[in-house]
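# Structure at a glance
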Amino acid sequence: MSAHNNGIWSWITTVDHKRIGVMYFVTALVFFVIAGVEALVIRIQLWRPENDFISAETYSQMFTMHGTTMIFLVAMPMAVAFFNFIVPLQIGARDVAFPRLNALSYWTFLFGGIFLNSSFLFGAAPNTSWVAYANLTSSQFSPGHNVDFWLLGLSILGISSIMGGVNFITTIINLRAPGMKLMRMPLFTWMTLVTSFILVTALPVLAVALILLAFDRFFGANFYQPMAGGDPILWQHLFWIFGHPEVYILILPSFGVISDVIPTFSRKPLFGYPIVVYAGIMIGFLGWGVWSHHMFTTGLGPIADAFFVASTMIIAIPTGVKICNWIATMWGGQIRFTTAMLYCIGLLAIFTLGGLSGIMHASAPIDLQQHDTHFVVAHFHYVVAGGVMMGLFAGLYYWFPKVTGRFMDERLGKINFWTYFVGFNLTFFPMHISGIYGMPRRTWTYAAELNIALPNMLSTIGAFIFALSALILVYTIIKSAISGEPAGPNPWNAATLEWSIPSPPPHYNFAEIPTVRSREPLWREEERREIEAVTLKVPDVEPVMPNSSYMPILLAFGVALTWGLVMTGKWWAPVIGLSYVGVCILMWAFEDPFARKGA
Amino acid sequence: MNQSATAVMDHRHPMPGMQVYNLKLGMWIFLLSEVMFFTSLIGSYIILRFAHPDHWTQPGVVLNVPLTAVNTFLLICSSVTMVKAFACIEQGDQKGLKLWLLGTIMIGATFVGIQAYEYVHLIHEGFVPNFAAYTAEGGNLYGATFYLMTGFHGAHVTIGVLCLIFVLFRAMKGAYTSESYGGVEIIGLYWHFVDLVWIILFTIVYLL
Ligand code: HEM
Ligand SMILES: [Cu+2]
């Protein structure tokens, strides 16, 4: 990190990808705790049949905010935290292609998240679930501001994601070090590239879905209103054309993480590298052709149903292939069971189970039974809370020494992992059972006659163990950041470029850009010495880095402000916000990132 | 190829062998995202219209096709002037660059002006997006989709004009040379894209 400046102002104005990465992570962690509390409230309410801990309305707000927060404010930005910190280091770059835009992405995300959560202050938290089906969201059926907060908040977050995607694609394609051919890139960088392509293509579809909704709510249009000729199913199509690729936005970064971690701790190169890459790309493509498996119960007709059943089953193939590759990588390796590795193995086990329940309701007739029950809740928590989050935490334990120069505490780490593993399974496995018994999702309570009190109690107990694990994690992070054991440049003896520079890295990353000649440069003695000769030295003249800037935070604030003013319902209010945004953009355009201060 | 990116970002050259500088690659990716945006709009339009053809009238009954045809022609001309501006700066012709940029801006602004006139006129006749207030011929989906699609396109043209003004301003200060013309090139890409989208929108919204 920069030795020059460490005050709070230097963080607010930073354009350094490493600091932005850290800010993304910390922010996502805070939202993780918030959404976790919401989950506990839900679980307390479901502790026993016909409980009255909270009202039906509060329950709706809780699961809506829990889901929306976990997906858009936790899983996505935590992955982006790693994109930021790790990708430029893995490809041998000094920063991303557009550093100021990168800062803008972060601040836009932060204000979007605050915007969404500020709805609680107005007692109008979104309450129509994270999929917000039309026409429940119409002004007629949702007259309050709840849905407005949701749709405006999400559109702010979408802007942030698209900017991030543009930035990372450009960075990865253009800023690789000499010799870093595409097929030499570490898997995490590869999956970042694929994810970024999905981000820039899927988010615009969500944007259109939200815009139609905004027209309905603000301008009295009727795109989703059947009584006026509109079509509520159109919302479902748009939402899921975005939504299914979105689940790959969530999982692919984690696949990337474990594809880097497993080889390191098995002391073997990734088994079948090209296959893992191609399978990732294939998932990215096929992910576009399966969306209607979320809509079997809308009555699409047998032909469409058959198509989406088949395509959904096909997409499980590349995923299965990857799982075999990871297992084959471990096979015969000298495995070190660090916490990071445990999380990888945990992911393999849990994600596979989630994939299997996915295949079950990929079959339309079975889905007619399982849809909108807790069985589906079990499925997607196995893939998201089990798969995605475990992968990200593997990344946390793995890269923490690079970020801070200190190890995460391994003893606490093991406790963290095992409480996570036990808590997770105890929470979500019983939901398969309660779901099959017919327990509906998004419903604040259930009847005693359903005979599902036991699985629900187990789930609630599990949730508290899970929450304990999260607390241990937060404590471990803080403790290790302050007093963890110091780590050298390459504490795990890993193979990729980010481990060739000091930990924590200097603000310019690479004193001199190294030349890469293989896929595992640091595992080949000669190449390693060549690279470290340039990456570990202290340069005589520090490389020129772009200046920090306060424009990103000002501009991002303007975006959130404008969106907020839309809710006043006065046509001139957002115009004020827009003028402010315009001024910011102008100042941004005239700012020279390389102007020498005082010269 | 063009080297403007290296001038601006001296420490961040594209890797050897990469032909496309950062800003241009970024613009391409952004346009990819725009393609998805307009595709989704058009897709929604098709779904709504197929489900309720009775909401639409014969072409030309409500919308003024000749006027918009002229407008379309203007926008296509502005793509030509944009190409001219780019060709000039490739040759290092500063004066030509400024003139053609100015021409593009004027035509773009005229396009937006005519669209605004059209809106005022239509709203006056009761052709509004609002379901409850709709009184013109056809059904209210006709009005709502019309404003949705032409409105978002119009916003794109407006933003394009503003960016062009910025580029012209920089051109007046001599910021572009035959070696370094990234700004002109990427606004050109955007402009041609917006033009292309309009040709599609004009066809499906006005002519079909
Ligand atoms: C083997 C691969 C997978 C298959 C076959 C599959 C299949 C399905 C199906 C058919 C549904 C709809 C169930 C219903 O609502 O009735 C569903 C829901 C869901 N899946 Fe998957 N899935 C797979 C992997 C994933 C992955 C990797 C993720 C995320 C990382 C994911 C996240 C979700 C989510 C969030 C939902 C619930 C959406 C909602 O709120 O309604 N799935 N899955
Ligand atoms: Cu899906």
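Residues numbered from 1 in each chain as written. Chains lettered and ligands numbered in written order. Predicted model: local features only at pLDDT ≥ 70, side-chain atom pairs only at ≥ 80, totals over all residues.

Okay, the overall build of chain A next. If you tally the helices and strands in chain A, you get 17 helices and 0 strands. Along the first, second and third principal axes, the C-alpha set of chain A runs to 70 × 60 × 45 Å. For chain A, the proportion of its 599 residues judged to be buried stands at 56%. Partitioning the intrachain contacts of chain A with sequence separation of at least 6 by distance along the chain shows that 82% fall at a separation of at least 24. (Helix = DSSP H or I, 4+ residues; strand = E, 2+ residues; numbered from the N terminus. Buried ≥ 20, exposed ≤ 12 C-beta atoms within 10 Å, placed from the backbone. Contact = placed C-beta atoms within 7 Å.)

The number of helices and strands found in chain B is 6 helices and 0 strands. Element order for chain B, N to C, with α for helix and β for strand: α-α-α-α-α-α. Across its three principal directions, the C-alpha atoms of chain B cover 60 × 35 × 25 Å. Burial analysis of chain B (208 residues in total) assigns 40% to the buried set. Looking at chain B alone, contacts between residues at least 24 apart form 74% of all its contacts between residues at least 6 apart.

Our next topic: the interface of chain A and chain B. Between chain A and chain B, the contact holds 36 residues from the first and 34 residues from the second. Counting residues per element, the side of chain A that touches chain B draws most heavily on helix H6 (residues 187–218) of chain A, at 8 residues. By residue class, the composition of the side of chain A that touches chain B is 25 nonpolar, 7 polar and 4 charged. (Nonpolar A, V, L, I, M, F, W, Y, C, P; charged D, E, K, R; others polar.)

All names here are of chain A. In the vicinity of ligand 1, 24 residues are found, and the nearest of them are Val247, Gly355, Gly358, His371 and Phe380. Elements with a contribution of two residues or more to the shell around ligand 1: helix H7 (232–266), helix H9 (302–330), helix H10 (339–362), helix H11 (364–370) and helix H12 (374–404). When the residues that make up the shell around ligand 1 are grouped by side-chain class, the tally is 12 nonpolar, 11 polar and 1 charged. (Near = placed C-beta within 6 Å.)

Right, let's talk about the packing of H6 of chain A against H7 of chain A for a bit. All names here are of chain A. It is at 8 Å that the axes of H6 and H7 come closest, and there the two elements cross at 165°. Accordingly, the angle class assigned to the pair H6 and H7 is roughly antiparallel. Pair H6 / H7 crosses with left-handed handedness. Its residues assigned to classes, the contact of H6 with H7 comprises 24 nonpolar, 4 polar and 2 charged. (Axes fitted to C-alpha atoms, helices over the stretch in contact; angles between N-to-C directions. Parallel < 35°, antiparallel > 145°, perpendicular 65-115°, else oblique. Left-handed = near helix turned anticlockwise from the far one by under 90°.)

So, on to the environment of proline 143 of chain A. You can see proline 143 of chain A is positioned in the loop between helix H4 (99–118) and helix H5 (146–174). Counting along the chain gives 74 residues from proline 143 of chain A to arginine 217 of chain A, while the straight-line C-alpha distance between them is 9.1 Å.

Ranked by internal contacts, the top residues of the largest apolar core, which has 238 residues, are Ala75, Ala209, Val261, Tyr343, Cys344 and Ala394 of chain A. With residues up to four places along the chain from it excluded, the contact list for alanine 394 of chain A reads Val257, Ile258, Val261, Ala340, Tyr343, Cys344 and Leu347 of chain A. (Core = buried A, V, L, I, M, F, W, Y, C linked by C-beta atoms within 7 Å.)

As a further point, take the packing of helix H2 (residues 17–45) of chain A against helix H14 (residues 453–483) of chain A. All names here are of chain A. One way to put it is that H2 packs onto H14 with a least axis distance of 10 Å and a crossing angle of 160°. The angle between H2 and H14 places the two elements in the roughly antiparallel class. Taken as a pair, H2 and H14 cross one another with a handedness that is left-handed. Of the residues in H14, those touching H2 at Leu29, Phe32, Val33, Gly36, Ala39, Leu40, Arg43 and Ile44 are Ser459, Thr460, Ala463, Ala467, Ala470 and Val474. In terms of residue class, the contact of H2 with H14 is built from 10 nonpolar, 3 polar and 1 charged.

Bringing helix H8 (residues 273–286) of chain A into the picture now. All names here are of chain A. An ideal rise of 1.5 Å per residue puts 20 Å on 14 residues; H8 measures up with 20 Å between its terminal C-alpha atoms. For H8, the complete set of buried residues consists of Tyr273, Val276, Val277, Ala279, Gly280, Ile283, Gly284 and Leu286. Of the surrounding elements, those touching the buried residues of H8 are H6, H7 and H9. (Expected span 1.5 Å × (residues − 1).)

Further remarks concern the environment of serine 155 of chain A. Residue and element names in this part refer to chain A. Summarising the element assignment, serine 155 is placed in helix H5. A C-alpha to C-alpha distance of 19 Å links serine 155 and threonine 27, two positions 128 residues apart in sequence. If we ignore the near neighbours within four places in the chain, the residues touching serine 155 are Ala207, Leu210 and Trp563.

Before going further, it helps to examine the environment of methionine 70 of chain A. All names here are of chain A. Tracing the backbone shows methionine 70 in helix H3 (residues 56–91). Remark: the alpha-carbon pair of methionine 70 and valine 33, spanning 37 residues in sequence, is separated by 9.7 Å. Among all residues touching methionine 70, those that are not within four sequence positions of it are Ala35 and Ala75.

Residues and elements named next belong to chain B. In this model, chain B carries a mean pLDDT of 90, and residues with pLDDT of at least 70 account for 91%. Within the model, pLDDT remains below 50 along residues 1–11, and this stretch shows 23 contacts once partners closer than five positions in the same chain are excluded. For this predicted complex, the interface score ipTM comes out at 0.94, alongside a pTM of 0.95. (pLDDT = per-residue confidence, 0-100.)

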